[in-house]
Amino acid sequence: MRSLVFQCLLLFVATFTTTISGAPHRLSPIDPFLRDSKVGLATTDPLKDVEAFSTTKRSTTLTSSRKVMPLSHNGITSTLNGGVHRFYGESNPVGSMAESVKNKNIRGYFNSAQALADYAEVLLHIKKKLHAHNSPIIVVGGSYGGMLASWFRLKYPHIAVGALASSAPILYFDNITPQDGYYSIVTKDFKEASDNCYMTIKKSWDEIDRVASMPNGLSILSKKFNTCSQLKSSYELKDYLDSMYASAAQYNAPPSYPTTRICQGIDGASHATNILDRVAAGVVAYSPRSPCHNTTRAVGQTSIGWGWQTCSEIVIPIGITSNASMFPSQPYSFQEFIDECKAAYDVTPRVHWATTYYGGHDIKLVLRKFGSNIIFSNGLRDPYSSGGVLEDISNSIRAVYTTNGSHCLDILTSTKTDPEWLIEQRHEEVHIIRGWLRKYYHNLRLLKQ
C-alpha cells in the first residue's frame, strides 16, 4: 500500500522552556525562554538538520534557532514556523521591557490571550501567502509554550488541527495541583539518585544559617563555595542552591543527568567531616568549568516580562510544606505574592483568570466533550509534570509520558545518545499526529466529492 503524503504547517511556539527563580512563593518559576536560546529569523533552512522531514521548496520560514525534534515522519511534508510572543525580543513596542511593563496604556495587551490571537492572524496570513488553504496546522510548544499550544487548539480549533504540548503545567493553577507538587519531584529526583545525597542537602540549610551567624560567617561561606562576590546574606547562598537543585531536576536529561552528577560530587566527598564541604563539592560537580559561582541574579528583559505575566495572569502557586522535602518549609503565601506584585507593578494577581479563560477544573469531563487532538507529553523527572495532564482524556486527547524524561526533552533535536525510551516517545507522538492528518485529509476528500 502506497504511503500517504501529508502536507501540513507546524507552528512552533518559540517561548518554550523554563528557568527557576529561587524562592517558591515568589514569581512563578516558569521563564518562557531557554536559557541558551535565541529567537529570530532563520539564516538557513530550519529543516536541513532534520533527516526525517521531507522538505519542500517552501520550507524556510521564521523559526527558533534552537533545534527541535522532527514532528514528522517519511510521508509528511511540513513547513515549520516559529512564533515570537508579543513584547518579547524585537516585538517589544517601546524597545524596553522595563518601560513596557510600567506603561499602563500598553501593558494590558501583554498577555497570553493576545499572543494566541497574534498567532492566529500570522498563521492565516502564512496560509494565504503560501496558497495553502487546505494545509492543516499543528501547533507545538514546550513549558509555557506548551500551555499556549494546548490553549490555541482549544480556542482556535478552526485554525489548528492539533497540538503537541510538551511539559505544559496547565493544571498548576487555582489549587488544582497541590503547591508541593514541584518541589516534591525535585526531592524525589535527588533521593532516587542517592539517599545520602538527599539527607546531606536536607541537613545543609540549618548549617548554612549557623555558619552565617558566626563572626565573619558570610566570608567563610563565600570562600567555601567560591562565590564570585562576597555573600550579603545566608539567603543569597540558599537561593542559589535552591535554584541549582531545581534546575538540575528540571533538566535532568541523559546522558549527563545533572542530579546524578551533583550527588556524585556530594557522595564523593563523604570523607569530608564538614557537611558544607560536601555540598560545595556538589556545586563544583554541577559546574566544573566555572572559575567561581555567581550567586547574584542578573535581571534580563525576559525575566522582567515574565514577572509581569506571572503577576497579571499566570499565577502558579509553588510552595514547600512537606517534612519529607529536602528543602526548608516555605509555604506559598498568596498575600505575600499580592504585596510583591503591587509593589512591582501596582496590580493584583488574577488568581482565577487562567482557569476562567482556559479551563482546568474538571478537565476530564470538559475536554472529553469539547476538546480533541491534543498531545500532552511529559517526563516524570520534570518537576512541572506534577501540574501536567498524565492520563488520556479521550481517544484524541492523549497523555504521552516517560518515567525518566525531563522538561521539554521530547521536542529537542534528536542525538545519537538518545535512549530507546525517548525515541519511542517521539515515535508515538508522530504516530498520533499522522492519525490526525489522515483523518483530516479523509474528511477533506469527502467534502470535495
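Above this text you will find the structure in question.
Just so you know, these numbers come straight off a predicted model, no measurement behind them.

The rules behind each value
Residues numbered from 1 in each chain as written. Predicted model: local features only at pLDDT ≥ 70, side-chain atom pairs only at ≥ 80, totals over all residues. Heavy atoms only, no water. Disulfide = S-S within 2.5 Å. Helix = DSSP H or I, 4+ residues; strand = E, 2+ residues; numbered from the N terminus. Contact = heavy atoms within 4.5 Å. 1 Å grid on protein atoms, 1.4 Å probe; cavity = no way out; pocket = protein on both sides within 12 Å on 5 of 7 lines; lining within 4 Å. Points joined across faces, edges and corners; volume = space filled by probe spheres on them. Polar contact = N/O pair within 3.5 Å; in protein donor to acceptor, adjacent residues only side chain to side chain.

Some words on the state of the cysteines
Part 1 of the reasoning: Summed over the entire model, instances satisfying the criterion amount to three disulfides.
Part 2 of the reasoning: There is a disulfide in this structure between cysteine 197 and cysteine 263, and the S-S distance comes to 2.2 Å. Judged by the torsion about the S-S bond (-75°), the cysteine 197/cysteine 263 disulfide is left-handed. With a gap of 66 residues between them, cysteine 197 in helix H5 (residues 195-212) and cysteine 263 in helix H8 (residues 258-268) connect regions that are remote in the sequence.
Part 3 of the reasoning: Here the disulfide map of the protein chain reads 1-3, 2-4, 5-6, the bonded cysteines being numbered as they appear in the sequence.

Section: the side chain of histidine 293
Part 1 of the reasoning: Within the secondary structure, histidine 293 is located in the loop between helix H9 (275-286) and helix H10 (301-312).
Part 2 of the reasoning: In contact with histidine 293, not counting residues within four places along its chain, are Phe225, Asn226, Thr227, Cys228, Tyr240, Val283, Val284 and Ser287.

Quick word on empty space enclosed by the protein
Part 1 of the reasoning: Tallied over the full model, the rule gives two cavities of 30 Å³ or more.
Part 2 of the reasoning: Surrounding the largest cavity, Ser166, Ser167, Ser377, Asn378, Gly379, Thr402, Gly405, Ser406, Cys408, Leu409, Asp410 and Gln425 form its lining.

Some remarks on the side chain of histidine 407
Part 1 of the reasoning: When you line up the elements, histidine 407 lands in the loop between strand E8 (397-402) and helix H14 (420-448).
Part 2 of the reasoning: At 3.0 Å, the side chain of histidine 407 and the side chain of serine 143 are in polar contact.

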